[in-house]
Amino acid sequence: MTVESVRPKDTTASAEPPVAGGAVPLLGHGWRLVRDPLAFLSQLRDHGDVVRLKLGPKTVYAVTTPALTGAVALSPDYIIAGPLWESLESLLGKEGVATANGKLHRRQRRTIQPAFRLDAIPAYGPIMAEESHALVERWRAAGGVLDITYESFRVAVRVTARCLMRGSYMDARADRICADLTTLFAGMYQRMVVPLGPLYKVPLPANREFNRALADLHVLVDEIVADRRAGGQKPDDLLTALLEAKDDNGDPIGEQEIHDQVIAILTPGAETVGSTVMSLLLVLTEHPELGDKIRDEVESVVGDRPVAFEDVRKLTYTANVVTETLRLYPAVWILTRRAVADTELGGYRIPKGADLIYSPYAIQRDRRSYERNEDFDPDRWLPERSKDVPKYAMSPFSVGNRKCPSDHFSMAELTLLTAAVAHAYRFEHAAHSDARPRIGITLRPRRLMLRALAR
């Protein structure tokens, strides 16, 4: 489907979308988005394809169907902006590929895209395999109870850093990056749904901790760039590409853009992949039969040797487990856009400047798109069944020019890691494990404490 085929044809619509029920004075629907956002967003489709929400003083348009979320993602009438991105600005800045729009975004995509081409990804394979097997061996040596939050983010940061910003200087900083991002992504969600700007500057303990983590992460990024420059080396990686990138006038890009781009590399590599690893380990714990099938597939494909990157394409069942995890537990579970023109969506008028919100979590669990929509069923991604999934009902990496450039990189990383750990271990919950969803800018289990039982 082309952009033109989903752009609104009639911008004369005058109807206003219905207002969702349950708003309260001052906070509007923000209190429901804090209290139980997954349930709230999942039931909005019962009230219409587009509905209005109140977030504090702001009116936001919630889009609830696969076709219309695809239209929003593909149309040039909607840009990256709105409550989500405003809450992320202090972290991501305004000059990185995650938040930029227009010509700047297109130039930045051209700079980073070569690092994620399909033919470039095999070069990262040995690092992905090495980190996966190192994780397996560390768990074997550690024994006892594993803090899966720490383990998941640690391996995600290490893979991203070693593949895209090669250098041993990352080892000592991986733990600080994980700790900082955990604090930041929790605080940013609250700032998005309850936009009480000045109150977040009051020196309360939560605000002080947020500001400390934000300052430390920015210091870390500056240290990473300075270390690379001081070393004088130019490995063929994404950080070198950024340091040598030119702007539209042929001049080196500015320091702030380099800084924001490094943040844009680290953040999804750590937070979204780490959150997905946590969800995968939860799935393997609560559905042990899946781990048994993955183990059998790995043994049939690789025999007695360790699983390697070259095996990933043959691990189809393992990949389907990853895909089904991305469907039911999408790390990026909420997105926002802003209209840059008066337009129409689903028969309703959307005014210029309006903010839109939609939830991949709600879209990917909708009973109208999936049979047994709440069941974990990897076989729904077999070719003969996946063709029945409506278009845009499954878009864990987004679509169009905002599609995550690292989609193939991340799928290979997650498939290889899942194969390695499921082949080596079964899992069970330990004391104080809490599998309930933790709601932040990203979605992940609240606190997983697991025992890894050798097979």
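Residues numbered from 1 in each chain as written. Predicted model: local features only at pLDDT ≥ 70, side-chain atom pairs only at ≥ 80, totals over all residues. Heavy atoms only, no water.

Describing the overall build of the protein chain
Okay, so step 1: Each helix and strand counted, the protein chain has 17 helices and twelve strands in total.
Okay, so step 2: In the protein chain, 72% of the contacts between residues at least 6 apart in sequence involve partners at least 24 apart.
Okay, so step 3: Only carbon and sulfur atoms are counted for the fraction: they give 54% of the accessible area of the protein chain, which is about 19,500 Å². (Helix = DSSP H or I, 4+ residues; strand = E, 2+ residues; numbered from the N terminus. Contact = heavy atoms within 4.5 Å. Areas by Shrake-Rupley, 256 points an atom, 1.4 Å probe, with all protein chains shown as cover.)

Some words on the confidence of the model for the protein chain
Okay, so step 1: Looking at the protein chain as a whole, the pLDDT averages 86, with 89% of positions reaching at least 70.
Okay, so step 2: Summarising per-element confidence for the protein chain, the mean pLDDT is lowest in helix H1 (residues 3–6) (37) and highest in helix H14 (residues 316–328) (98).
Okay, so step 3: Segment residues 1–11 is flagged for pLDDT under 50; beyond a separation of four residues in sequence, or across chains, it makes 20 contacts in the model. (pLDDT = per-residue confidence, 0-100.)

Examining the layout of surface pockets
Okay, so step 1: As a volume, the largest pocket reaches approximately 780 Å³.
Okay, so step 2: Around the largest pocket, the lining is made up of 25 residues, and of these Ala319, Asp407, His408, Met411 and Ala412 lie nearest the centre.
Okay, so step 3: Partitioning the lining of the largest pocket into residue classes produces 14 nonpolar, seven polar and four charged. (1 Å grid on protein atoms, 1.4 Å probe; cavity = no way out; pocket = protein on both sides within 12 Å on 5 of 7 lines; lining within 4 Å. Points joined across faces, edges and corners; volume = space filled by probe spheres on them. Nonpolar A, V, L, I, M, F, W, Y, C, P; charged D, E, K, R; others polar.)

Focus on empty space enclosed by the protein
Okay, so step 1: According to the stated counting rule, one finds six cavities of 30 Å³ or more in the structure shown.
Okay, so step 2: Of the pockets and cavities examined, the second largest cavity occupies roughly 140 Å³.
Okay, so step 3: For the lining of the second largest cavity, the secondary structure elements donating two or more residues are helix H4 (66–74) and helix H15 (360–364).
Okay, so step 4: In terms of residue class, the lining of the second largest cavity is built from nine nonpolar, five polar and no charged.

Points about the pairing of strand S11 (residues 443–447)
Okay, so step 1: Across four bridges, the pairing between strand S10 (residues 434–439) and S11 is antiparallel. What sits directly across from arginine 438, in S11, is arginine 444.
Okay, so step 2: Hairpin connection between S10 and S11: a loop of three residues separates the two successive antiparallel strands. (Pairing = 2+ DSSP bridges.)

Some words on the sheet that holds strand S4 (residues 145–147)
Okay, so step 1: Sheet architecture is open: three strands sit in the order S4-S12-S9, paired in antiparallel fashion. One side of each edge strand has no neighbouring strand; the edge strands of this open sheet are S4 and strand S9 (425–429). Ignoring which end each strand starts from, the neighbouring axes of this sheet average 40° apart.
Okay, so step 2: Packing of helix H7 (residues 125–142) onto the sheet brings it into contact with S4, S9 and strand S12 (449–454), and relative to S9 it is tilted by some 60°.
Okay, so step 3: With respect to the sheet, helix H17 (residues 407–424) is in contact with S9 and S12, its orientation differing from that of S9 by roughly 85°. (Axes fitted to C-alpha atoms, helices over the stretch in contact; angles between N-to-C directions.)

Remarks on the nonpolar core
Okay, so step 1: Grouped together as the largest cluster of nonpolar side chains are 91 residues, with contacts concentrated most on Trp139, Leu281, Phe409 and Val421.
Okay, so step 2: Among the elements that make up this core, the one with the highest residue count is helix H12 (residues 255–286) (14 residues).
Okay, so step 3: Every residue in contact with valine 421, bar those within four places of it in the chain, is listed here: Leu135, Val136, Trp139, Leu281, Leu284 and Phe427. (Core = buried A, V, L, I, M, F, W, Y, C linked by side-chain atoms within 4.5 Å. Buried < 20%, exposed > 50% of the residue type's maximum accessible area, 1.4 Å probe, protein only.)

Notes on the packing of aromatic side chains
Okay, so step 1: If you walk through the whole model with that rule in mind, you get five aromatic pairs.
Okay, so step 2: A ring pair is formed by tyrosine 370 and tryptophan 381, whose centres lie 6.3 Å apart and whose planes are at 65°; its orientation type is edge-to-face. In this pair, tyrosine 370 sits in the loop between H15 and helix H16 (383–386) while tryptophan 381 sits in the loop between H15 and H16, placing the two residues eleven residues apart along the sequence. Accessibility assignment for this pair places tyrosine 370 and tryptophan 381 in one class, buried.
Okay, so step 3: Ring plane angle 55° and centroid distance 6.2 Å describe the contact between tyrosine 425 and phenylalanine 427, whose orientation is recorded as tilted.
Okay, so step 4: On the basis of relative accessible area, tyrosine 425 is assigned to the buried category, the value being 3%.
Okay, so step 5: Within the aromatic cluster, the residues linked to one another by ring pairs are Trp139, Tyr425 and Phe427.
Okay, so step 6: A cation over an aromatic ring shows up here: arginine 327 above the ring of tyrosine 370, its NZ or CZ 4.6 Å from the ring centre.
Okay, so step 7: Taking the ring centre of tyrosine 329 as reference, the NZ or CZ of arginine 365 above it sits at 5.5 Å. (Phe/Tyr/Trp six-rings, centres within 6.5 Å; stacked < 30°, edge-to-face > 60°. Lys NZ or Arg CZ within 6 Å of the ring centre and 35° of its normal.)

Here's the deal with the side chain of threonine 415
Okay, so step 1: Inspection of the secondary structure puts threonine 415 in helix H17.
Okay, so step 2: Looking at threonine 415, the relative accessible area reads 1%, which means it is buried.
Okay, so step 3: Polar side-chain contacts of threonine 415 include one of 2.8 Å to the backbone oxygen of methionine 411.
Okay, so step 4: Setting aside its immediate chain neighbours within four residues, threonine 415 contacts Val312, Leu315, Thr318, Ala319 and Val322. (Polar contact = N/O pair within 3.5 Å; in protein donor to acceptor, adjacent residues only side chain to side chain.)

Here's the deal with the environment of lysine 54
Okay, so step 1: Relative to the elements of secondary structure, lysine 54 occurs in strand S1 (residues 50–55).
Okay, so step 2: In this structure the C-alpha to C-alpha distance between lysine 54 and leucine 27, which are 27 residues apart in sequence, comes to 7.5 Å.
Okay, so step 3: Dropping the residues within four chain positions of it, lysine 54 is found in contact with Leu27, Gly28, His29, Gly30 and Thr59.
Okay, so step 4: Reaching out from lysine 54, the side chain makes a polar contact with the side chain of threonine 59 at a distance of 2.8 Å.

Considerations on the pattern of salt bridges
Okay, so step 1: Here the structure, examined in full by the defined rule, presents 30 salt bridges.
Okay, so step 2: Here glutamate 137 ties to arginine 140 by a salt bridge, and the two come within 3.4 Å at their closest N and O atoms. Separated by three residues within a single helix, glutamate 137 and arginine 140 lie in helix H7, roughly one turn from each other.
Okay, so step 3: In this structure, arginine 365 engages glutamate 374 in a salt bridge whose closest nitrogen and oxygen atoms are separated by 2.5 Å.
Okay, so step 4: Judged by relative accessible area, which is 11%, arginine 365 ranks as buried. (Salt bridge = Lys/Arg side-chain N within 4 Å of Asp/Glu carboxyl O.)

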